[in-house]
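An overview of the molecular structure
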Amino acid sequence: MKFKVEIEGDSEGYIAFECPYCKSEFKLNAGEYKDCSEQEKIFCPYCGLEKEKESFYTPEVIEQATNMAKNYMLEEINKAFGKMSKEINKSKVVKMEFKPLKKVNVSNIKTEDTVEEQFQCKNCKKHVKVLYCSGKSKVFCSYCGEDIWVM
């Protein structure tokens, strides 16, 4: 079963990600991210470590996908027990009462506007938005891993 999680980008079309290693948040351009669908791994722009793209989903995205899966499961259970209840209740001997299970709330995910600085990779021309401060000396491209900014 496949579920489609939709994320609304910030005002510039960027969506949030979180590094599974350093837990830093960053943003990638939604169109560029979608265009690289066959790319299996990306890099953290802060620590430069690489991992499967799915590892960079934010807790909100994981929660939404989990809730969608729960709702699917609850719907299947409700169908099965509803059908079973109807069949059993045809009999005059045994009666079954069934109350459908309630689905969990699935809310829209919207990436908020924040104060990240946008960088473009000179190698692959893709963009990343990071919280850049003078204490950080490097920004890595999330797509090719190249140093985008060295201070």
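Here's what I pulled together on the structure shown here. (Residues numbered from 1 in each chain as written. Predicted model: local features only at pLDDT ≥ 70, side-chain atom pairs only at ≥ 80, totals over all residues. Heavy atoms only, no water.)

Here's the deal with a negative patch on the surface
The following threshold applies: Patch membership requires over 30% relative accessible area and the absence of a salt bridge. Like charges are linked within 9 Å, and nonpolar side chains (Val, Leu, Ile, Met, Phe, Trp, Tyr) within 5 Å. Note on areas: Shrake-Rupley with a 1.4 Å probe; residue coverage comes only from the protein chains shown. Throughout this description, the term salt bridge denotes a Lys or Arg side-chain nitrogen within 4 Å of a carboxyl oxygen of Asp or Glu. Charge assignment: positive for Lys and Arg, negative for Asp and Glu; neither His nor the chain ends contribute. Note on charges: their place is set at NZ of Lys, CZ of Arg, CG of Asp or CD of Glu. A run of H or I in DSSP becomes a helix once it reaches four residues, and a run of E becomes a strand once it reaches two; helices and strands are each numbered from the N terminus. Classification of residues uses two cut-offs on accessible area relative to the type maximum, computed with a 1.4 Å probe and protein chains only: under 20% is buried, over 50% is exposed, and between them is partly exposed.
A cluster of acidic residues, Glu40, Glu50, Glu52 and Glu54, forms a negative patch on the protein surface. Considering the arrangement of structural elements, one finds Glu54 in the loop between strand 5 (50-52) and helix 2 (59-89). A residue is classified by how much of its surface remains accessible, and Glu54, at 47% relative accessible area, is partly exposed.

Some words on a nonpolar patch on the surface
Together, Met1, Phe3 and Tyr72 make up a nonpolar patch on the protein surface, roughly 330 Å² of accessible area in all. If you trace the backbone, Tyr72 turns up in helix 2.

Description of the pattern of salt bridges
Overall, the coordinates contain ten salt bridges when judged by the stated rule. Two residues, Glu8 and Lys110, come together in a salt bridge whose shortest N-O distance is 4.0 Å. Within this pair, whereas Glu8 is found in strand 1 (residues 7-8), its partner Lys110 is found in strand 6 (residues 109-110), the two being separated by 102 residues in sequence. When its relative accessible area of 46% is taken as the criterion, Glu8 is described as partly exposed. What makes Lys110 partly exposed here is its relative accessible area of 42%. As a salt-bridge pair, Lys79 and Glu76 come within 3.5 Å of each other at their nearest N and O atoms. Taken together, the positions of Lys79 and Glu76, both in helix 2 and three residues apart, correspond to about one turn of that helix.

A closer look at the pairing of strand 8 (residues 127-130)
Here is the rule we go by: Here the rule is simple: two strands pair whenever DSSP picks up at least two bridges between them.
Every second residue of strand 8 is oriented toward a common face, with His127 and Lys129 on one face and Val128 and Val130 on the other, all of them buried. In the sheet, strand 3 (residues 25-29) pairs with strand 8 via two bridges, with the strands oriented antiparallel. Bridging from a neighbouring strand, Lys27 pairs with Lys129 of strand 8. Sheet topology places strand 7 (residues 117-120) next to strand 8; four bridges connect them, and they run antiparallel. From the neighbouring strand, Gln118 faces strand 8, where its bridge partner is Lys129.

Brief notes about the nonpolar core
Put simply, the rule is: By convention a nonpolar core is built from buried Ala, Val, Leu, Ile, Met, Phe, Trp, Tyr and Cys residues, the set being connected through side-chain atoms within 4.5 Å. The contact definition used throughout considers only heavy atoms, calling two residues in contact when any of these lie within 4.5 Å.
The biggest cluster of nonpolar side chains holds 19 residues, and the ones touching the most others in it are Phe17, Phe26, Leu28, Phe56, Val128, Val130 and Ile148. Secondary structure elements with two or more residues in this core: strand 2 (14-18), strand 3 and strand 8. With sequence-adjacent residues up to four places away left out, Phe56 is seen in contact with Phe17, Glu18, Cys19, Pro20, Phe26, Ile42, Phe43, Cys44, Leu49 and Lys51.

Considerations on the sheet that holds strand 7
Note the threshold: Think of each axis as a best-fit line through the C-alpha atoms, taken over the contacting stretch in the case of a helix, with angles from 0 to 180 degrees between the N-to-C directions.
A sheet is described by the order of its strands in space; here four strands give the open sequence 2-3-8-7, paired in antiparallel fashion. The open sheet has two edge strands with one neighbour each: strand 2 and strand 7. Across the sheet, the mean angle from the axis of one strand to that of its neighbour is 30°, orientation sign disregarded. Alignment of strand 2 against strand 3, held across five bridges, turns out to be antiparallel. Within strand 3, the residue paired with Ile15 across the bridge is Leu28.

Scope: geometric values only; no functional claims are made or implied.
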